Amino acid sequence: MTSTSPSMPTRRQVLGTAGVAACGVALAGCGVGVPPEPVVPPGIKGKVIAKVADVPVGGGTLISDWKILITQPAEGVFKAFTAVCPHKGCAVGRFADKAVECPCHGSAFALDTGACLRGPAEAPLKEFPLRVDGDGIVIL
C-alpha cells in the first residue's frame, strides 16, 4: 500500500486540473475572432472624410484609415458603413455586383442597407449617419 503526502496532489487531482484547464482553453477559443461593436472613430464626426466624386454609383470606396465604407447604391444616394466584417473582423472593401464583399470568407453585403446577402456572416454591416456637404461626405 502506498501513502500519499499531504503536499503532493494525487493522480486524480492532477488529471482533474488538466481537464478543467483544457475546457477553459476550448471555451476561450469560442470568442476568438468576433469583432467588437463598431463605433465612429473619434475625431472624424463633422469632418469631410471623402469626396462625392470618389464614390462610384453602384459601388463605393474604402476609407482604410477609419475602416469606413462609403457607398453610392444609386445616383446621389450615399451610405456609410463599418468596413469590419461582423463574421471574423476582416476588412471588407471589394466591390462587385452592387455589393461589398469580405475577402476572408466570402460574405457579401448590400450597398444600400449593409444587410448580409451571403454568409458566413449573419449580421449586417453597421451603418453610420452621414450628410453630403457640397462635394464632401461628412460623418455625423
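Our structure is the block above this text.
Conventions adopted
- Residues numbered from 1 in each chain as written.
- Predicted model: local features only at pLDDT ≥ 70, side-chain atom pairs only at ≥ 80, totals over all residues.
- Heavy atoms only, no water.
- Salt bridge = Lys/Arg side-chain N within 4 Å of Asp/Glu carboxyl O.
- Buried < 20%, exposed > 50% of the residue type's maximum accessible area, 1.4 Å probe, protein only.
- Helix = DSSP H or I, 4+ residues; strand = E, 2+ residues; numbered from the N terminus.
- Contact = heavy atoms within 4.5 Å.
- Pairing = 2+ DSSP bridges.

Caption draft 1: Summary view of the pattern of salt bridges. Counted under the stated rule, the structure contains five salt bridges. Glu101 is the partner of Arg94 in a salt bridge, and the nearest nitrogen-oxygen pair spans 3.2 Å. Taking the relative accessible area as the measure of exposure, Arg94 reaches 43% and is therefore partly exposed. Within the structure, one salt-bridge network assembled from shared partners comprises Arg94, Glu101 and Arg118.

Caption draft 2: Seen up close, the environment of Cys85. Residue position: Cys85 is located in the loop between β4 (77–82) and β5 (94–96). Accessibility expressed as a relative area gives 1% for Cys85, which makes it buried. Expressed as a C-alpha distance, the spacing of Cys85 and Ala121, which sit 36 residues apart in the sequence, is 7.4 Å.

Caption draft 3: Representation of the environment of Arg94 within the structure. Mapped onto the elements of the fold, Arg94 is located in strand β5. Each C-alpha atom of the pair Arg94 and Ala108 lies 9.3 Å from the other, and the pair is 14 residues apart in sequence. If we skip the residues at most four places from it in the chain, Arg94 touches Ala99, Val100, Glu101, Cys102 and Pro103.

Caption draft 4: Structural detail: the pairing of strand β11 (residues 136–139). A two-sided burial pattern is seen for β11, the buried positions comprising Gly136 and Val138 on one face and Ile137 and Ile139 on the other. From the end of strand β10 (residues 130–133) to the start of β11, which pair antiparallel, there are two residues, and Gly134 there has a positive phi angle of about 70 degrees.

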